[in-house]
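Below, each chain spelled out in residue letters.
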Amino acid sequence: MSHLLVQGLSGLASAASLFLVAAGLTVIFGVTRIVNFAHGSLYMLGAYLAYSLVTWLPRGHFPFWGGVVLAALLTGVIGVVVEVLVLRRIYKAPELFQLLATFGVVLVVQDLALAVWGPQDLLGPRAPGLRGAVDVLGERFPLYDLVLIGIGGVVLLLLWLLFQRTRFGVLVRAATADREMVGALGVNQRWLFTGVFFLGSALAGLGGALQVPRESVNLNMDLAIISEAFVVVVVGGLGSLPGAALAALLIGQLQAFGILVFPRITLVLVFLVMAVVLVVRPYGLLGKRPGGHAASVTLPEPPLAGLTGRGRAVVALALVLCVVLPPFLGDYALVVLSELAIAVLFAASLHFIMGPGGMASFGHAAYFGAGAYAAALLVKHAAAPMEVGLLAAPFAAGLVGLLFGFFCVRLSGVYSAMLTLAFAQIAWSTAFQWVEVTGGDNGILGVWPSAWAVPKLAYAYLSLALCLGGTWLLRRVIFAPMGYALRAQRDSALRAEAIGIDAFKVRWLAFALAAAFAGLAGALFAFGKGSVFPTTMAIPRSVDALLMVLLGGVQTLIGPVIGALAYTGLHEQLVRVTELWRAALGAIIIALVLFFPRGLAGFRRA
Amino acid sequence: MLEVQGLQKSFGGVRAVRDVSLRVAGGELLALIGPNGAGKSTCFNMLNGQLRPDAGTVRLDGRDITGLPPRVIWRLGVGRTFQITATFGSLSVLENVQMALLSHARRLFGLWRPVAAEDPAPALALLDRVGMAAQAARPCGVLAYGDLKRVELAIALANAPRLLLMDEPTAGMAPAERVALMALTATIARQSGIAVLFTEHDMDVVFTHADRLLVLDRGAMLAEGRPDEVRADPRVREVYLGSSH
């Protein structure tokens, strides 16, 4: 009994930390409609800043808590800088571009933190006077965690007072309900948005700063917390503060007791809950269907054009080069060529649902990884040859796509993106925690191609043939009735329904088809590397795919191809040239969103 | 052709439509009119499947279609146009009509044969009927509003419908275009024996082209009959013509 109580209390402590971060995220979303990926980075910065301040200041109660508060305020200021420099310019941009820009900020902050604080884990001092534990019905419970629960409660109360009793709070609530309305009332939106960013960022910083006495400060804190914060915010309802509090409690307890009941699937459990909530209540527990008007103005999509004479010539030339050139390339160049081909198919498969389908996926890596794992598991456990693995991968990934897509394609916009993210995290957690089958973090090794495909030249030809073939097949589908039906439901759901097009079926099938081709790319990736790790389905890989598609431009068919080549090439070069390649990549992403919102291919066209 | 019995719908405490019954025969144009908020659109959306009625039945050639989804109702032979045109903006005029034809032929899930390889003749014939064949290659996203209305009509005719549901078919059009479009609709309906049910604000259009009128007021049926009968009805004059004309 006392054991359960202590578990409940530690659940409350993690709920308090989660709430601080999620509250900031949800308030920012409510007002600006931006899903801020960089919120986890602000949390991490809060922790690093608090670490530096607390170790630099003399010991004692006042310097410690002063350092924590100062770290939170500094983080708030950094948030304002990000808002003014980047986000302010893209409030009207499509949601995915906003997500991407904030992911660019994540990359920049990661390298910044690395440059300033170094790669090692930093262990800060414990809070003065709170080092010990208290006795709870005979069990020991850390005193600091108890204080943390109190702080969570106090912050919730203060936020509630702020939103109920102050003019700023009333404006924030009004803007959350209907942004245009507040603008029409003559409120200075700029100050409101910047103020909200300060508040949200400071909350993230406070959450991070308060973790210093509990755990080491490190460079993985940002993505670790952001996926949890997303879960809390989405489960609670985007923009809802009480929702965030409720969901933080729920998730905190789920984590505390999940370890007792299902120790093997703790990671999956959280995302499973999120998926279930989104399926049953698509706008979260306390969320409302977004009111007012659509945030971003959507222009009619331009018609799809086949290739004209010059385009045809360029593609033909590129194909000829793909056939003729490889024998003259060294092993390294051949490996890069295979990877380029794989990137092209991966990007094309995502583009298929994003462009013609108008659906956003933030978890496309799940299907890439599903293909990779399917092939690797067949090789490992059934001693299947590469050919069988390559054949089975698209079917396996397609089945996973059918399963996940069944839920994802019902939603739209941010909600759909979040659900795809949740499913990708479920896939990732499964690979990570199901150690007997997947090898967990150690991955599956020895996934080698058949003897004939071992030479790099042969493998490059195989990758080229399958990936370019796959990309061509997808293109073929886009120009077939299926692709037209996909664009039809994107252009006008009302008209599609009125001429007998079952939009759900079309979207679902397209999702599965895209998943299958991503799976083929994943299997080729696995055999190319000789191994598979959970990172093949992690968030960064999903972001890779998104970047390639958006870099190339969603509107054109050649876009994902150009985007994949540009992105993979850029990545390759940056890693070689500079230690700070993440920051460079992040800066490029931000610049791209700011200056070329239609992508490279779109820019060329305009 | 279309037979509606005792249709009812409430939103919260508001009874938007109470007890509406109507019939339309093949080749006949029935206009549903009434002041704003009379329940025309609600009524309409229950016929085409976008709303489920609280009570009442909708029968098409004797078959109960009450509460079926719009795409199923379309397959049973009900074409429709929208008050605010809905077409596929990134597809050409021809392709818009071809999508309806492909859907009718249940060939939407084709993955291989390009749409461009389809025989354009059937779609062109439909466009020709509405006078849009010359603009077949233009994307719908750039068309003038009146032309979009014509394209919608062509799309609505693609599955050889028995019934056309047209919500404010001439809204947003210039007066000359209005008359032309309704004259075209009337001609097509009589030639092919299609029943047409339409809502309309423009009284000139209504009295020129409708065979019969049904007047709604605050969700209930006020009057029904030939244009001259309705025009002479004092109740109609009072609530409708009297107040707005």
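Everything quoted here is computed from the prediction, not taken from an experiment.

Participant: Can you explain the overall build of chain B? Please cite residues and give values.
Facilitator: Regarding its fold elements, chain B presents nine helices and ten strands. Whereas a compact globule of 245 residues would reach a radius of gyration of roughly 18 Å, chain B reaches 18 Å, a difference of no more than 12%. Reported as C-alpha extents along the three principal axes, the dimensions of chain B are approximately 60 × 35 × 30 Å. Split into buried and exposed, the 245 residues of chain B put 45% on the buried side. Within chain B, residue pairs in contact and separated by at least 24 positions form 68% of the contacts whose partners lie at least 6 positions apart.

Participant: Just give me the short version of the overall build of chain A, but keep the residues and values in it.
Facilitator: Across its full length, chain A holds 25 helices and four strands. Rg of the C-alpha trace for chain A: 25 Å, near the compact-globule value of 25 Å for 606 residues, within the 12% margin. With the principal axes as the frame, chain A shows a C-alpha extent of 70 × 55 × 45 Å. For chain A, with 606 residues in total, the buried portion stands at 55%. A fraction of 81% describes how many contacts in chain A between residues 6 or more apart in sequence connect residues 24 or more apart.

Participant: How would you summarise the domain arrangement of chain A if you had to cite specific residues and measurements?
Facilitator: Residue and element names in this part refer to chain A. Taken as a whole, chain A is organised into domain 1 (2-151 + 193-263) and domain 2 (335-540). Taking only C-alpha atoms into account, the centre of domain 1 sits 33 Å from that of domain 2. Counting residues at the interface gives eight residues for domain 1 and seven residues for domain 2. A total of four residues in the side of domain 1 that touches domain 2 trace back to one element, the largest contributor, which is helix α9 (residues 221-236). Its residues assigned to classes, the side of domain 1 that touches domain 2 comprises six nonpolar, one polar and one charged.

Participant: Any details on the pairing of strand β1 (residues 133-136) of chain A? Residues and values, ideally.
Facilitator: Residue and element names in this part refer to chain A. Here four bridges tie β1 to strand β2 (residues 139-142), and the two strands are oriented antiparallel to one another. If you follow alanine 133 over to β2, its bridge partner there is proline 142. Linking β1 back to β2 in an antiparallel pair, the connection comprises two residues, with leucine 137 at a positive phi of about 50°.

Participant: Go over the packing of helix α1 (residues 2-32) of chain A against helix α8 (residues 189-211) of chain A, please, and point to the residues and values.
Facilitator: All names here are of chain A. The interhelical angle for the contact between α1 and α8, taken along N-to-C directions, is 165°, at an axis separation of 8 Å. In terms of axis orientation, α1 runs roughly antiparallel to α8. Where α1 crosses over α8, the two elements pack in a sense that is left-handed. Among the residues forming the contact of α1 with α8, the class breakdown is 16 nonpolar, seven polar and no charged.

Participant: Pulling in residues and values, what's your account of the interface of chain A and chain B?
Facilitator: Between chain A and chain B, the contact holds 26 residues from the first and 31 residues from the second. Mapped onto the side of chain A that touches chain B, the elements with two or more residues apiece are α18 (456-479), α19 (481-491) and α20 (493-498) of chain A. Per-element tally for the side of chain A that touches chain B: the top contributor is α19(A), with seven residues. Within the side of chain A that touches chain B, the residues separate by chemical class into 17 nonpolar, two polar and seven charged.

Participant: Mind laying out the confidence of the model for chain A, listing which residues take part and the relevant values?
Facilitator: Residue and element names in this part refer to chain A. On average, residues of chain A carry a pLDDT of 89, and 97% of them reach 70 or more. Put simply, helix α25 (residues 599-605) is where chain A has its lowest mean pLDDT, 57, and helix α21 (residues 503-529) is where it has its highest, 97. Of the regions scoring below 50 in pLDDT, residues 292-298 engages in eleven contacts with residues more than four places distant in sequence or in other chains.

Participant: Any chance you could break down the sheet that holds strand β7 (residues 163-167) of chain B for me, citing the residues and the numbers?
Facilitator: Residues and elements named next belong to chain B. Spatially, the six strands line up as an open sheet ordered β6-β7-β8-β3-β9-β10, and their pairing is mixed. Both outer strands of the open sheet, β6 (78-81) and β10 (220-225), are each paired with one neighbouring strand and no more. Ignoring strand direction, the axes of neighbouring strands in this sheet form an average angle of 15°. With respect to the sheet, helix α5 (residues 145-157) is in contact with β6 and β7, its orientation differing from that of β6 by roughly 170°.

Participant: So what about helix α15 (residues 386-408) of chain A? Which residues, and what values?
Facilitator: Along its 23 residues, α15(A) runs 32 Å from first to last C-alpha, staying within 8% of the 33 Å computed at 1.5 Å per residue. Maximal helix bending in α15(A) amounts to about 30°, located at A:Ala392; proline A:Pro394 follows within four positions.

Participant: Any chance you could break down the sheet that holds strand β2 (residues 14-24) of chain B for me, citing the residues and the numbers?
Facilitator: Residue and element names in this part refer to chain B. Read from one edge of the open sheet, four strands run β2-β1-β4-β5, paired in antiparallel fashion. At either end of the open sheet lies a strand with only one pairing partner, and these are β2 and β5 (63-64). Across five bridges, the pairing between strand β1 (residues 2-11) and strand β4 (residues 55-60) is antiparallel. Paired with glutamine 8 across the bridge in β4 is alanine 55. Packing against the sheet, helix α1 (residues 40-47) makes contact with β1, β2 and β4, and its axis sits at approximately 120° to β1.

Participant: An account of the confidence of the model for chain B is requested, with residue identities and associated values reported.
Facilitator: Residue and element names in this part refer to chain B. Averaged over every residue, the pLDDT of chain B is 90; the share at 70 or more is 98%. At the level of individual helices and strands, chain B shows its lowest average pLDDT in helix α9 (residues 234-244), which scores 69, and its highest in helix α3 (residues 93-104), which scores 96. Across the interface, the model reports ipTM at 0.93; the global pTM reads 0.89.

Participant: Any details on unusual backbone geometry? Residues and values, ideally.
Facilitator: You will see that A:Ala383, though not glycine, has its phi angle at about 50°, which is positive. Structurally, the position occupied by A:Ala383 is in the loop between α14 (365-382) and α15. Backbone geometry places B:Asp19, a non-glycine residue, at a positive phi of 55°.

Participant: Provide a residue-level description of the packing of helix α13 (residues 331-354) of chain A against helix α23 (residues 559-577) of chain A, including the pertinent values.
Facilitator: Residues and elements named next belong to chain A. Close contact between α13 and α23 brings their axes to 8 Å; oriented N to C, the two are set at 135°. It follows from the interaxial angle that α13 and α23 lie oblique. With respect to the hand of their crossing, α13 and α23 are arranged in right-handed fashion. Contacts between α13 and α23 involve Val336, Glu339, Leu340, Ala343, Val344, Ala347, Ala348 and His351 on the former and, on the latter, Gly559, Pro560, Val561, Gly563, Ala564, Leu565, Thr568 and Glu572. Classifying every residue of the contact of α13 with α23 by side-chain character gives ten nonpolar, four polar and two charged.

Participant: Tell me what's going on with the pairing of strand β3 (residues 29-33) of chain B, and back it up with residues and numbers.
Facilitator: Residue and element names in this part refer to chain B. In terms of burial, β3 is largely enclosed, as four of its five residues are buried. Bridge analysis of β3 against strand β8 (residues 195-199) gives four bridges, and the strand direction is parallel. Within the sheet, the bridge partner assigned to leucine 30 lies in β8 and is leucine 197. Examined bridge by bridge, β3 and strand β9 (residues 212-217) share four bridges and lie parallel to one another. By the bridge assignment, alanine 31 is partnered in β9 with leucine 213.

Participant: Tell me about the environment of A:Gly306, and name the residues and values.
Facilitator: Residue and element names in this part refer to chain A. Looking at where glycine 306 falls in the secondary structure, it is placed in the loop between α11 (266-280) and α12 (309-324). A count of 11 C-beta atoms within 10 Å places glycine 306 in the exposed class. Measuring from C-alpha to C-alpha, the distance between glycine 306 and isoleucine 558 comes to 9.8 Å, with 252 residues separating the pair along the chain.

Participant: Quick one: what's the story with the environment of A:Ser492, residue by residue and with numbers?
Facilitator: Position of A:Ser492 among the secondary structure elements: in the loop between α19 and α20. Apart from the residues lying within four places of it in its own chain, the contact partners of A:Ser492 are B:Ala86, B:Thr87 and B:Phe88.

Participant: How would you explain helix α6 (residues 175-192) of chain B if you had to name every residue and give the values?
Facilitator: All names here are of chain B. Given a rise of 1.5 Å per residue, 18 residues ought to cover 26 Å, and the 26 Å separating the end C-alpha atoms of α6 matches this to within 8%. The set of residues buried in α6 consists of Arg178, Leu181, Met182, Thr185 and Ala189. Along α6, the residues classed as buried sweep out an arc of 95° about the axis, all on the same side. The exposed residues of α6 that point more than 90 degrees off its buried face are Ala176, Thr187 and Gln191. On its buried face, α6 is in contact with β3, α5, β7, β8 and α7 (203-209). Positive phi shows up at glycine 193, right after α6, with a value of about 70°.

How each quantity is defined
Residues numbered from 1 in each chain as written. Chains lettered and ligands numbered in written order. Predicted model: local features only at pLDDT ≥ 70, side-chain atom pairs only at ≥ 80, totals over all residues. Helix = DSSP H or I, 4+ residues; strand = E, 2+ residues; numbered from the N terminus. Rg over C-alpha atoms; globule rule 2.2 N^0.38 Å. Buried ≥ 20, exposed ≤ 12 C-beta atoms within 10 Å, placed from the backbone. Contact = placed C-beta atoms within 7 Å. Domains from an automatic or database assignment. Nonpolar A, V, L, I, M, F, W, Y, C, P; charged D, E, K, R; others polar. Pairing = 2+ DSSP bridges. Axes fitted to C-alpha atoms, helices over the stretch in contact; angles between N-to-C directions. Parallel < 35°, antiparallel > 145°, perpendicular 65-115°, else oblique. Left-handed = near helix turned anticlockwise from the far one by under 90°. pLDDT = per-residue confidence, 0-100. Expected span 1.5 Å × (residues − 1). Bend = angle between axes of the 7 residues up to and from the residue. Arc of directions from axis to C-beta.

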